Amino acid sequence: MDSRLDVVISRMNVARKRFTTPSDDVALIAVTKTFDAPDILPLLEAGQRRFGENRVQEAKGKWPALQTQFSDIELHLIGPLQSNKVRDAVALFDVIESVDREKLALALQKEMALTGRNLRVFVQVNIGGEAQKAGVPIDDTIEFVVKCRDEYGLDVAGLMCIPPAGEAPGPYFALLATLAKKAGVVGLSMGMSGDFETAIAMGATQVRVGSALFGARTVPT
Ligand SMILES: *Cc1c(COP(=O)(O)O)cnc(C)c1O
């Protein structure tokens with residue numbers, strides 16, 4: 001039992017029942033950046049198995065030991081990936097959610113071929129068209145998904161986005177859902193602690209929740 005985990009799961013269930021067909025499954029990715037094993041273990045013991053980290057280096061410091069202890073962990077990279085970290089990322093993670101350029105798609109293809117590991121990926125979309133944010137431009141999304149799939153042979157599970165801060169996220173989530181449909185992918189990674197119920201209303205297949213599970217982060221990320 002972990003009380004914050006129970007609260008988040010029950011809020012997800014209420015949102016699912018209210019907005020989509022109750023049989024739809026929404027995966028919870030517990031975002032553990034800045035938190036270490038003592039905070040993570042209670043969730044593992046409560047049965048949570050999907051986790052997200054935004055930095056390869058930080059994840060390397062804590063997850064290998066936990067992966068040895070719990071063999072069925074599914075680890076998601078949800079932050080930007082530099083090409084020179086692709087080797088470490090492919091070795092450590094199970095899902096890469098931040099594919100947003102061809103150079104990275106190519107590097108992932110090569111490393112997966114080399115290691116025989118076949119990770120699922122999400123294409124990150126710069127859904128608010130913000131200059132400082134990662135992600136492919138909205139207008140390039142469909143073409144990029146097709147390229148990732150057909151040219152680079154990547155297993156594209158869906159699209160991921162982080163809407164602009166301080167704006168109502170609903171329209172951005174709806175736009176991501178529309179883009180996914182057009183691109184022919186089903187996965188929608190959207191929704192964080194502040195807006196996961198809205199994201200579920202718009203069809204999220206997975207939400208990435210950190211502070212609602214672990215409390216506020218004291219370290220900047
Ligand atoms: C930190 C982070 C989250 C979780 O944010 P919370 O507001 O703590 O739930 C989700 N997605 C990404 C990409 C993040 O970096």
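Because the structure is a prediction, the values reported are computed rather than measured. (Residues numbered from 1 in each chain as written. Predicted model: local features only at pLDDT ≥ 70, side-chain atom pairs only at ≥ 80, totals over all residues. Heavy atoms only, no water.)

(A) Broad picture of helix α2 (residues 37-45). Considered for burial, the residues of α2 that qualify are I40, L43 and L44. Down the axis of α2, the buried side of the element spans an arc of 100°, and every buried residue falls inside it. Summarising the geometry of α2, the exposed residues directed more than 90 degrees from the buried face are P38 and E45. Elements that come into contact with the buried residues of α2 comprise α1 (3-19), β1 (27-31), β2 (50-53), α3 (56-69) and α9 (211-214). The positive-phi residue at the C-terminal boundary of α2 is G47, with phi of around 105°. (Buried < 20%, exposed > 50% of the residue type's maximum accessible area, 1.4 Å probe, protein only. Helix = DSSP H or I, 4+ residues; strand = E, 2+ residues; numbered from the N terminus. Arc of directions from axis to C-beta. Contact = heavy atoms within 4.5 Å.)

(B) Broad picture of the pairing of β2. Pairing of β1 with β2 involves 2 bridges; the strand directions are parallel. Looking at the pairing, A30 lines up with F51 of β2. Viewed along the sheet, the connection from β1 through α2 into β2 turns out right-handed. Here 4 bridges tie β2 to strand β3 (residues 74-77), and the two strands are oriented parallel to one another. Within the sheet, the bridge partner assigned to G52 lies in β3 and is H76. On the question of chirality, the crossover connecting β2 to the parallel β3 by way of α3 is right-handed. (Pairing = 2+ DSSP bridges. Right-handed = clockwise from strand over helix to strand, strands pointing away.)

(C) Structural detail: helix α7 (residues 170-183). With 14 residues, α7 ought to run about 20 Å at 1.5 Å a step, and its terminal C-alpha atoms sit 20 Å apart, in line with that. Taken residue by residue, α7 has G170, Y172, F173, L176, A177, L179, A180 and A183 as its buried positions. Of the surrounding secondary structure, the elements contacted by the buried residues of α7 are β5 (120-126), α6 (141-150), β7 (155-161), β8 (187-189) and α8 (196-201). Trailing α7 by a residue or two, G184 shows a phi angle of about 75°, which is positive. (Expected span 1.5 Å × (residues − 1).)

(D) Representation of the site of the ligand. Around the ligand sit V31, K33, I78, I162, M192, S193, R208, V209, G210, S211 and R217, and that is every residue in its neighbourhood. R208 is positioned with one of its side-chain polar atoms (N or O) 2.9 Å from a nitrogen atom of the ligand. At 2.8 Å from an oxygen atom of the ligand is found a main-chain nitrogen or oxygen belonging to S211. Considering the ligand on its own, with 390 Å² of exposed area, one finds that the protein chains cover 90% of that surface. Class assignment of the residues belonging to the shell around the ligand gives a composition of 5 nonpolar, 3 polar and 3 charged. (Near = heavy atom within 4 Å. Polar contact = N/O pair within 3.5 Å; in protein donor to acceptor, adjacent residues only side chain to side chain. Areas by Shrake-Rupley, 256 points an atom, 1.4 Å probe, with all protein chains shown as cover. Nonpolar A, V, L, I, M, F, W, Y, C, P; charged D, E, K, R; others polar.)

(E) Molecular detail of the nonpolar core. Judged by nonpolar contacts, the single largest core of 65 residues is most densely connected at F93, I96 and L108. For this core, the element with the highest residue contribution is α7, accounting for 7 residues. Apart from residues lying up to four places away in sequence, I96 is in contact with L77, L81, A89, L108, L119, R120, V121 and F122. In terms of nonpolar packing, the next biggest core, distinct from the first, is built from 6 residues, V31, I78, A157 and M160 among them. (Core = buried A, V, L, I, M, F, W, Y, C linked by side-chain atoms within 4.5 Å.)

(F) A look at the environment of D155. Positionally, D155 belongs in strand β7. Setting aside residues no more than four positions away along its own chain, D155 makes contact with N118, L119, R120 and V121.

(G) The arrangement of the pattern of salt bridges in detail. This model, assessed by the stated rule, comprises 12 salt bridges. One network of salt bridges, in which partners are shared, links R50, E74 and R120. (Salt bridge = Lys/Arg side-chain N within 4 Å of Asp/Glu carboxyl O.)

Read these as spatial facts, not as claims about activity.
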